[in-house]
Amino acid sequence: MTQTHATVDSALDPRTDALAGDWLSLRETAERLGIKTSRIKQLISERKLLSVRRDGEPMVPAAFIKDGQVIKGLSGTLTLLSDAGFDEVETLRWLFTADDTLPGTPVQALSENRGTEVRRRAQALAF
């Protein structure tokens, strides 16, 4: 069965909200990527980007965008975490929680082109 992952309607807990730091609306995300908002929605539904509702509006962590692009390796990592049973909020929490073995957070490692290590850890969660 194919699942479509769009924006989560559940409340984002304050701890996870704070971990993610700065947030972008879908319009702001589209502007940073130089594409239309409809394409952002498509990227979210294809699990190439992740958004959650904050104050009723879908928002994307600003850390997912670097130099006008979605950070390399994010899409594959999102897929691995979803396959491991993580929902969107759990995925955000995992991506933004420091891991001393990386070091730093998984999202920092992805933005520094250290995605192989991140994906290894995400794959291990499925077992």
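Residues numbered from 1 in each chain as written. Predicted model: local features only at pLDDT ≥ 70, side-chain atom pairs only at ≥ 80, totals over all residues. Heavy atoms only, no water.

Visitor: Is there a simple way to explain the UniProt feature "domain: DNA-binding protein Rv2175c wHTH" (unreviewed entry) in the protein chain in this structure?
Guide: Under the present numbering, the feature "domain: DNA-binding protein Rv2175c wHTH" (unreviewed entry) in UniProt falls on residues 14–65. Between the end C-alpha atoms of residues 14–65 there is a gap of 22 Å, over a span that is 46% helix and 23% strand. (UniProt positions renumbered as here; feature names shortened; annotations may be inferred. Helix = DSSP H or I, 4+ residues; strand = E, 2+ residues; numbered from the N terminus.)

Visitor: How should the pattern of salt bridges be read in this particular structure?
Guide: Close approach of charged atoms allows side chains with opposite charge to pair. Counted according to the given criterion, the structure contains 9 salt bridges. Between arginine 27 and glutamate 31 there is a salt bridge, with its nearest N and O atoms 2.7 Å apart. Linking arginine 27 with glutamate 31, this pair stays in helix H2 (residues 26–33), spanning 4 residues, or about one helical turn. Overall, arginine 27 belongs to the partly exposed group, its relative accessible area being 48%. (Salt bridge = Lys/Arg side-chain N within 4 Å of Asp/Glu carboxyl O. Buried < 20%, exposed > 50% of the residue type's maximum accessible area, 1.4 Å probe, protein only.)

Visitor: Help me understand the confidence of the model for the protein chain in this model?
Guide: For any part of a model where pLDDT is low, the fine detail of the predicted coordinates should not be relied upon. Taken residue by residue, the protein chain gives an average pLDDT of 89. The fraction at 70 or more is 91%. Within the model, the stretch residues 1–9 combines pLDDT values under 50 with 19 contacts to residues more than four positions away or in other chains. (pLDDT = per-residue confidence, 0-100. Contact = heavy atoms within 4.5 Å.)

Visitor: Would you mind showing me how to read the UniProt feature "domain: Rv2175c C-terminal" (unreviewed entry) in the protein chain here?
Guide: The sites that UniProt annotates as "domain: Rv2175c C-terminal" (unreviewed entry) are residues 71–126. Structurally, residues 71–126 is divided into 62% helix and 0% strand, and its ends, taken at the C-alpha atoms, are 23 Å apart.

Visitor: Looking at this model, I keep getting lost on the nonpolar core. Mind explaining?
Guide: Where a protein is soluble and globular, its nonpolar side chains tend to be buried together. Core analysis: the largest hydrophobic core is formed by 34 residues, its most contacted members being Ile40, Leu49, Phe64, Leu74, Leu92 and Leu95. For this core, the secondary-structure elements that each account for two or more residues are strand S1 (23–25), H2, helix H3 (37–45), strand S3 (57–61), helix H4 (74–83), helix H5 (88–95), helix H6 (106–111) and helix H7 (115–125). Apart from residues no more than four positions distant in its own chain, leucine 92 is found in contact with Leu12, Thr16, Trp23, Leu50, Val52, Pro61 and Phe64. (Core = buried A, V, L, I, M, F, W, Y, C linked by side-chain atoms within 4.5 Å.)

Visitor: Could you clarify how one ought to interpret the environment of leucine 19 in this entry?
Guide: Residue position: leucine 19 is located in helix H1 (residues 14–20). Separated by 54 residues in sequence, leucine 19 and glycine 73 place their C-alpha atoms 20 Å apart. Excluding its chain neighbours within four sequence positions, the residues that come into contact with leucine 19 are Arg93, Phe96 and Thr97.

Visitor: Even after reading the chapter, I still don't get the pairing of S3, so can you show me in this structure?
Guide: Remember that side chains alternate between the two faces of the sheet whenever the strand is regular. Across the 5 residues that make up S3, a large majority, 4, are buried. Where strand S2 (residues 52–54) meets S3, 3 bridges bridge the pair, whose relative direction is antiparallel. In the sheet register, valine 52 faces S3, and the bridge partner there is methionine 59. Where S2 hands over to S3, the hairpin turn is made up of 2 residues, of which aspartate 55 adopts a positive phi near 55 degrees. (Pairing = 2+ DSSP bridges.)

Visitor: I'm lost on unusual backbone geometry in this one. Help?
Guide: Peptide bonds are, in most cases, trans, and in most cases residues other than glycine have a negative phi. With an omega dihedral of -15 degrees, the bond running from leucine 102 to proline 103 counts as a cis peptide bond. Phi is positive for arginine 47, which is not a glycine, with a value near 60 degrees. Along the chain, arginine 47 falls in the loop between H3 and S2. Phi at asparagine 113 takes a positive value of approximately 60 degrees, unusual for a residue other than glycine. Relative to the helices and strands, asparagine 113 is located in the loop between H6 and H7.

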